[in-house]
Amino acid sequence: VDKLFTGVTPFLASKQSKPDCTYINILQSKKSHHSWDIPRKYDDFSPKGIMNGSYAPEECNPLFSVAILVTYRNRQSQLDIFLPYMHNWLRKQNIHYKIYLIEQEDEKPWNKGMLYNIGAKYAIADKFPCLILHDVDLLPLDESNLYVCMKEPRHMSASIDKFRFVLTYDTLVGGVLAMRSEQYLLVNGFSNRFHGWGGEDDDLADRIASRKLSILRFPRDMSEYTMLVHHPEPKNSERQRIMSENKQHISEDGLNSVVYESIQVKPQRLFTMIKVKL
Ligand code: NGS
């Protein structure tokens, strides 16, 4: 276990005279499906200590600071489930975290990579050393799936009920991925060139490999998620072509080149909303 924690990113604030928080004991934790017991509408959900989507335990010094980046458009019913579930989940992990919701406000084709790049800029400006890129339709099921960054990027959602808990291919990094901010900078984030569904995550996997980073995964039973149902997004028919062209463009297409028409930051109680027109 100690080895696993080598290189985890630390807590942001300076320590106060409190004991250090203990993290979930991954060798002893049990499955906790009981977190389903939550209000369906987050309007009715008012736990103490959450502001702007951010929380830190009161009684102890958290060991880790983590920004959760959620890209979003028009999935209100999923968000109503995701937010209370995740706040209940994350508070149990005894970490300092903040949920950023990056919403594509326009009617243009969906561009998840760009939205992640924009969210990452804000989280990095807020000095978060660790980013967790999180689909809004995935809910973690095993408490031992720690929401922290390790030495290498970690694909956290390797085992999803919709795919009978089987990892569909080895280089998959889509779904939920934990990555240190310095690593996100190193790979220049996502390509901005993928519109519609698919490919941007495989392209990120190529970027990670090209910078000699490897993908970690926890064992399968610790990486279980349930997927909320939704209609599939229109697929991007160009995605294979863009991927094959992209290998030479990592340093000029990504976090350092993202442009958008307008942006509005609106802190809410359960999340900090970043509304973008691309
Ligand atoms: C691949 C897509 C990825 C996607 C993955 C899993 O085929 O973007 O399926 O999707 N790559 C390309 O299209 C090139 S899933 O079945 O979970 O919806 O993340």
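Just so you know, the residues in each chain are numbered from 1, in the order the chain's sequence is written. Where local features are concerned, this predicted model is filtered to residues with pLDDT of at least 70; where side-chain atom pairs are given and counted, the filter is 80 or more; whole-chain, interface and lining totals use all residues. Values shown for side chains rest on all heavy atoms present in the structure; no hydrogens or waters enter the calculation.

**Description of the site of the ligand**
Note the cut-off: We call a residue near a molecule or strand whenever a single non-hydrogen atom of that residue lies within 4 Å of it. Under the rule applied, a polar contact is a pair of N or O atoms within 3.5 Å (in protein, one hydrogen donor and one hydrogen acceptor; residues adjacent in sequence only if both atoms are side-chain atoms). Residue-level accessible areas treat just the shown protein chains as cover; the underlying method is Shrake-Rupley with a 1.4 Å probe. Starting at the N terminus, helices and strands are each numbered in turn, a helix being any DSSP run of H or I of at least four residues and a strand any DSSP run of E of at least two.
Around the ligand sit Phe163, Tyr169, Leu172, Trp197, Gly198, Gly199, Asp201, Asp202, Arg239, Gln240 and Met243, and that is every residue in its neighbourhood. Between the ligand and Gly199, the relevant distance is 2.8 Å, taken from an oxygen atom to a main-chain nitrogen or oxygen of the residue. Relative to its unbound accessible surface of 450 Å², the ligand loses 72% to contact with the protein. Going through the elements one at a time, helix 4 (200-210) and helix 5 (239-246) are the ones with two or more residues in the shell around the ligand. Sort the elements by how many residues they give to the shell around the ligand and helix 5 lands first, with three residues.

**Observations regarding the state of the cysteines**
Here is the rule: In this description, a disulfide is simply a cysteine sulfur pair whose atoms lie within 2.5 Å.
Enumeration over the complete set of coordinates arrives at two disulfides. The disulfide partner of Cys21 is Cys60, and the S-S distance across this bridge is 2.0 Å. Handedness here is read from the sign of the S-S torsion; for Cys21 and Cys60, about 90 degrees, the answer is right-handed. Residue Cys21 is located in the segment before strand 1 (54-55), and its partner Cys60 is located in the loop between strand 1 and strand 2 (65-72); the two are separated by 39 residues in the primary sequence.

**What to know about helix 4**
Basically, it comes down to this: In this scheme, a residue with accessible area under 20% of its type's maximum is buried, one over 50% is exposed, and one in between is partly exposed, where area comes from a 1.4 Å probe on protein chains only. By the convention used here, residues are in contact when the closest approach between their heavy atoms is within 4.5 Å.
Residues of helix 4 that are buried include every one of Glu200, Asp201, Asp203, Leu204, Ala205, Arg207 and Ile208, and no others. Buried residues belonging to helix 4 abut helix 2 (112-125), strand 4 (130-134), strand 8 (176-180) and helix 5. The positive-phi residue at the C-terminal boundary of helix 4 is Lys212, with phi of around 65 degrees.

**Some thoughts on the pairing of strand 9 (residues 224-227)**
What counts here: Criterion used throughout: strands pair if DSSP finds at least two bridges between them.
In strand 9, alternate side chains face the same way, and those of Glu224 and Thr226 on one face and Tyr225 and Met227 on the other are all buried. Two strands pair when backbone bridges link them, and strand 5 (residues 138-140) and strand 9 are joined in this way by three bridges, in the antiparallel orientation. Each residue of the ladder has a partner; that of Leu138, found in strand 9, is Met227. Of the pairings in the sheet, the one linking strand 7 (residues 159-160) to strand 9 comprises two bridges and is parallel in character. What sits directly across from Ile160, in strand 9, is Tyr225.

**Description of the pattern of salt bridges**
Where we set the bar: Here, a salt bridge means any side-chain nitrogen of Lys or Arg that lies within 4 Å of a carboxyl oxygen of Asp or Glu.
In this structure the tally under the stated criterion is 13 salt bridges. Notably, a salt bridge pairs Asp135 with Lys112, separated by 2.7 Å at the nearest N-O pair. Of this pair, Asp135 sits in the loop between strand 4 and strand 5 while Lys112 sits in helix 2, and the two are 23 residues apart along the sequence. Taken individually, Asp135 and Lys112 each receive the classification buried, so the pair is uniform in this respect. Among the charged side chains, a salt-bridge network with shared partners connects Arg193, Glu238, Arg241 and Glu245.

**Some words on the nonpolar core**
Quick reminder of the rule: Nonpolar cores are built from buried Ala, Val, Leu, Ile, Met, Phe, Trp, Tyr and Cys residues. Side-chain atoms within 4.5 Å join them into one set.
Ile68, Met86, Leu90, Ile95, Ile99, Ile132 and Tyr147 are the most contacted members of the largest nonpolar core, which totals 44 residues. When residues of this core are traced back to their parent elements, those giving at least two are strand 2, helix 1 (76-92), strand 3 (96-104), strand 4, strand 5, strand 8 and strand 9. With eight residues, helix 1 is the largest single contributor of residues to this core. Counting 29 residues, the second-largest nonpolar core is a separate cluster that includes Ile118, Ala123, Leu177 and Leu204.

**Describing unusual backbone geometry**
Of note in this structure, Arg164 is not a glycine but carries a positive phi near 50 degrees. For Arg164, the position within the fold is in the loop between strand 7 and strand 8. In this structure Arg164 comes out as exposed when scored by relative accessible area, which is 73%. Here Lys212, not a glycine, exhibits a phi torsion of approximately 65 degrees, which is positive.

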